[in-house]
Amino acid sequence: MAIEIEKPSSVRLSKVAISKTHGEDSPYFAGWKAYDENPYDEIHNQSGVIQMGLAENQVSFDLLEKYLEEHHEVSSWGKGAPGFRENALFQDYHGLKSFRQAMANFMEQIRGGKAKFDPDRIVLTAGATAANELLTFILADPGDALLVPTPYYPGFDRDLRWRTGVKIVPIHCNSSNNFQITPEALEAAYQSAESMDLKVRGILITNPSNPLGSTIQSSVLNDILDFAVHKNIHLVSDEIYSGSTFSPSEFVSIAEILRNRNYKDAERVHIVYSLSKDLGLPGFRVGTIYSYNDDVVTTARRMSSFTLISSQTQHLLACMLSNHEFTQNYIKTNRERLNKRYDMIIQGLKKAGIECLKGNAGLFCWMNLSPLLNEPTRQGELELWNIILNQVKLNISPGSSCHCSEPGWFRVCFANMSEQTLRVALQRIHKFMEQRKVCSVNQ
Amino acid sequence: MGLLSRKVTCNSHGQDSSYFLGWQEYEKNPYDEVKNPKGIIQMGLAENQLCFDLLESWLAKNPDAVSFKREEQSIFKELALFQDYHGLPAFKKALVDFMAEIRGNKVSFDTDHLVLTAGATSANETLMFCLAEKGDAILLPTPYYPGFDRDLKWRTGAAIVPIQCSSSNGFQITESALEAAYQEAQRKNLRVKGVLVTNPSNPLGTTMSRNELDLLVNFVTDKEIHLISDEIYSGTVFSSPAFVSIMEVLKDRKLENTQVWERVHVVYSLSKDLGLPGFRVGAIYSNDPIVVAAATKMSSFGLVSSQTQYLLSAMLSDKKFTKEYISKNHKRLQKRQNKLVSGLEKAGISCLESNAGLFCWVDMRHLLSSNTFEAEMELWKRIVYDVKLNISPGSSCHCTEPGWFRVCFANMSEDTLKLAMQRLKSFVSSITIDNQTHQDLKNMRKKNRTKWVFRLSFQSFHDREQGER
């Protein structure tokens, strides 16, 4: 962690305050800057940069808006605001019981009833960002390590390491087997940590995966759990994209694996969930930790004091998610629409001669541009990324920002824009690929 | 099973303190005017319940603020997606204006220096992460809010060294107390990073004098350390002397653009002034751009719901409303505090003269069987179990003198307060009349106390932390 002394006053700040572990100085953020300075707009700025680096779900807002139109009272505490006082005063870190119940039900519905959730094991946090950090504080001490499969969400570098002082040791995955986690890779990561004198406290997986856009297979989940048991470490399963699996049968939650094992070894397993992706509500800050470990639940609850969900928002969502008709329809329709978007982008990329990893979930696809690299290195990837950003005017995420060990892969989001905008983006890619063909032919 | 971190097993969350235990007793037997008139009256909860009618009437007149509409247009999607840690600009503007208004517009605040956090609990911890780490210490005047032990120390690893204040001068901060605390930290091999004061004070209910504020500025300038001023009760100052913010002092002394300017940070929240602890609205205000930048990024771990930011931006932008609210809030708090003070007087109990806050700092030293914290605990237990009032013992606030208690007055109806005072009066009369019986009871309780304490330490509780302040 580099410590920069910028001016006298910063000497008196903590190491955490002046470290760069928040990760915001990476080249990846330059893409955001380019977008901010010249954002695409269907009408006002058709030559602007199209944002494809933001994993937002914008395909199902109409369903939410319709629900809110038909149920005014959930956002306004009813006429004369009878529930207002109680709601405004409610800061109990157990969270609104009705909301926890609704969350448990929602999580069960997403898993097609193949897992059951106890509302009393749900700890509420202001977003999954907070949930992941909180769990890290609880499961590891400063200087310890968590094993995380690559490629992974860039935000983990900040969420798991910054204020906690915990390190990430990568579990290297590669395209030879579709980036699946293998027992060998797990063992290699563990050994790597040991060789650096780091105490491994747990494994953190994201399932469905960000950035791969695919679910982890049942057999692999079993391998990972077995590994955790063997090494006597924790397993955190970040399942924030679970409701974004295109086909419900394809997602297997770690909760299901545990159920199949009669909950043996459950006390080392913790699940993170959020409404930011599945429900498209990142602004409302709704995250949860579900733990099978009583001590973790108790401590997480106490720690959640630093990151409680607004009771106003808990109230709204308790009502919405308790409406079975709404949630059933939402989950189904959302999946269908995401699937449709996914098909659209895959076909479009295929037409342009670009292959993607076979995906079945999430708000993005994992695109393979390695054939286009000048050199098969990180530098080559960044050069290509720059071209795509500045010439093709698409902000996509380079695999290196996700710590991918193979250069040339990019995460491309497809759910944060209209279908029309996606078409424009695909046209640009198509044109770009055509031009490259012409160039290489002429060489 | 694999071990958990040291944070799980250490006690820095502070939840085993008596402060939280009183809560548990209340939870088991809560007073209700109709359903449980003999239950425990909650007087340990610093909530402001006096002005909900004003908020409710505003809501009734402004339905768009909660129905995700701005000028008849739906902004639901915009809000649902808004997770920018810089905060909703309209809300930040409304908040800084509100903060200025509370300070009589004698100072103004810049939205670029404001960081939004999920409550002051989050703000204080975030500031600590920015300013201190293991091996560092923050000096705090006693008595102080029990939650600070958790907020400032638990996950940051920093230490608190108390600045001992005493009743001899109304618990005001003195130069010698500051110096003594600094020396004490040095003795413990801790690097002092700053001083944190709560102004108006919790649990004292008093505003800091200009003299104290000057002392603090001089001290932190001399030692080249930070000063955090937690001003979450600034809107509850109901009588003179008027509230003087640390920002006002810096401005009056023309210290803008000096080094100390960048080492002063203010914490604010809407939990007390507006009575909205559930909405989790806190803020850090700092003149150090590095602190602002770091705190902004850290706020990712505790952002304010955009739904709530929008509601409050509309409410606090309504200047007619805020003016009326601030004024009525003061009047009602003053009236209510007077009721508590006169009720206590009738019971032969005095309290520290106060002009702010949602509580009084009550002097029950004359009711102690001895000038010890054991006696304070005994008295507290009697008040909780026999008088059936949950009040906060001074020891839980790290007060150095036994016999002081924090008693809240704004979290109940006037009738309930009346009843509480009646109970207290009866209790005091019974002590005065029946001293011998009291002595017998005391001896008996001494035997039972050990068992009780043992049981409490090892029982696993249903802990509830409702509005600890």
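Summary of the structure given here. The model shown is predicted, which means the values in this text are computed figures rather than measured ones. Within each chain, residue numbers correspond to sequence positions counted from 1 in written order. The naming scheme follows written order: chains are lettered A onward, ligands numbered 1 onward. Owing to the predicted nature of the model, reporting of local features is limited to residues with pLDDT of at least 70; listing and counting of side-chain atom pairs is limited to 80 or more, with chain, interface and lining totals taken over all residues. Side-chain descriptors were evaluated using all non-hydrogen atoms of the structure, hydrogens and water having been removed beforehand.

### Looking at the overall build of chain A
Okay, so step 1: Summing up its helical and strand segments, chain A has 17 helices and 13 strands in all.
Okay, so step 2: Principal axes of the C-alpha set define a box for chain A whose edges measure 70 × 55 × 55 Å.
Okay, so step 3: A 1.4 Å probe rolled over the protein chains alone gives each residue an accessible area, and that area as a share of the maximum for its type sets the label: buried under 20%, exposed over 50%, partly exposed in between. Residues counted as buried form 63% of the 443 residues belonging to chain A.
Okay, so step 4: Across chain A, contacts joining residues at least 24 apart in sequence account for 74% of those joining residues at least 6 apart. Every helix listed is a DSSP run of H or I at least four residues long, and every strand listed is a run of E at least two residues long, numbered separately from the N terminus. Contacts were defined at the residue level, with two residues in contact if any of their heavy atoms lie within 4.5 Å.

### A short note on the packing of aromatic side chains
Okay, so step 1: Note on aromatic contacts: the rings of Phe and Tyr and the six-membered ring of Trp form a pair at centre separations within 6.5 Å, being stacked when their planes are under 30 degrees apart, edge-to-face when over 60 apart, and tilted otherwise. The full count for this structure, using the stated rule, is 33 aromatic pairs over all chains.
Okay, so step 2: When the ring of Y152(A) is compared with that of F156(A), the centres are 6.2 Å apart and the planes differ by 40°; the resulting orientation is tilted. Here Y152(A) and F156(A) have matching classes, each one buried.
Okay, so step 3: For the pair Y190(A) and F227(A), a centre-to-centre distance of 6.1 Å together with 80° between the ring planes defines the contact as edge-to-face. One end of the pair, Y190(A), is in helix α10 (residues 183-195); the other, F227(A), is in helix α11 (residues 218-231), and 37 residues separate them in sequence. Pair check on accessibility: Y190(A) and F227(A) agree, each one buried.
Okay, so step 4: In this structure an aromatic cluster arises from ring pairing among F61(A), F284(A), F68(B) and F76(B).
Okay, so step 5: Between the NZ or CZ atom of K231(A) and the centre of the ring of Y190(A), over which it lies, the distance is 4.3 Å. In this scheme, Lys NZ or Arg CZ marks a charge over a ring once it lies within 6 Å of the ring centre and within 35 degrees of the ring normal.

### Brief notes about the interface of chain B and chain A
Okay, so step 1: Every contact between the two is made by 79 residues of chain B and, on the other side, 78 residues of chain A.
Okay, so step 2: Between chain B and chain A lies a buried interface of about 7,100 Å² when both sides are counted; carbon and sulfur atoms form 58% of it.
Okay, so step 3: Salt-bridge detection follows one rule: a side-chain nitrogen of Lys or Arg within 4 Å of a carboxyl oxygen of Asp or Glu. One can count 4 salt bridges joining chain B with chain A.
Okay, so step 4: The shortest N-O distance in the salt bridge between E133(B) and K15(A) comes to 3.0 Å.
Okay, so step 5: Under the rule applied, a polar contact is a pair of N or O atoms within 3.5 Å (in protein, one hydrogen donor and one hydrogen acceptor; residues adjacent in sequence only if both atoms are side-chain atoms). Along the contact surface separating chain B from chain A lie 22 residue pairs in polar contact (both at pLDDT 80 or more).
Okay, so step 6: Breaking the side of chain B that touches chain A down by element, the ones donating at least two residues are α1 (6-9), α3 (52-61), α4 (76-81), α6 (119-131), α7 (147-153), α11 (289-298) and α12 (306-317) of chain B.
Okay, so step 7: The leading source of residues in the side of chain B that touches chain A is α6(B), at 7 residues.
Okay, so step 8: Any residue that is not Ala, Val, Leu, Ile, Met, Phe, Trp, Tyr, Cys, Pro, Asp, Glu, Lys or Arg is counted as polar, Gly included; the first ten are nonpolar and the last four charged. Looking at side-chain class alone, the side of chain B that touches chain A contains 34 nonpolar, 22 polar and 23 charged residues. For any pair of parts, buried area is found by adding up, for both, the accessible area (1.4 Å probe) each one loses once the two are put together.

### Re helix α8 (residues 175-187) of chain B
Residues and elements named next belong to chain B.
Okay, so step 1: Given the number of residues in a helix, its expected span is that number minus one, multiplied by 1.5 Å. Over its 13 residues, α8 runs 18 Å from end to end, which matches the ideal 18 Å to within 8%, given 1.5 Å per residue.
Okay, so step 2: When we look at burial in α8, the residues that qualify are A177, L178, A181, Y182 and A185. On an axial view of α8, the arc spanned by its buried residues comes to 135°, and they lie on one face. Facing away from the buried side of α8 by over 90 degrees, the exposed positions are E175, S176 and R187. For this quantity, the arc is that covered by the directions from the helix axis to the C-beta atoms.

### Examining the packing of α3(B) against α12(B)
All names here are of chain B.
Okay, so step 1: Relative to each other, α3 and α12 sit at 100°, their axes nearing to 11 Å. Taken together, the axes of α3 and α12 lie roughly perpendicular to each other. Here L55, W58 and L59 of α3 lie close against α12, whose contacting residues are L311, A314 and M315.
Okay, so step 2: Considered class by class, the residues forming the contact of α3 with α12 number 6 nonpolar, no polar and no charged. Axes here refer to lines fitted to C-alpha atoms; in helices the fit is confined to the stretch in contact. Angles between the N-to-C directions go from 0 to 180 degrees. To sort the angles, those under 35 degrees are grouped as roughly parallel, those over 145 as roughly antiparallel, those from 65 to 115 as roughly perpendicular, and the leftovers as oblique.

### Some details on the sheet that holds strand β9 (residues 355-356) of chain A
Residues and elements named next belong to chain A.
Okay, so step 1: Should DSSP find at least two bridges between two strands, the strands are taken to pair. Ordered in space as β9-β10-β13-β12, the 4 strands form an open sheet in which the pairing is antiparallel. Among the strands making up the open sheet, the edge pair consists of β9 and β12 (397-398).
Okay, so step 2: Pairing analysis gives 2 bridges linking β12 to strand β13 (residues 409-413), with the strands arranged antiparallel. When the bridges of β13 are listed, P398 appears paired with F410.

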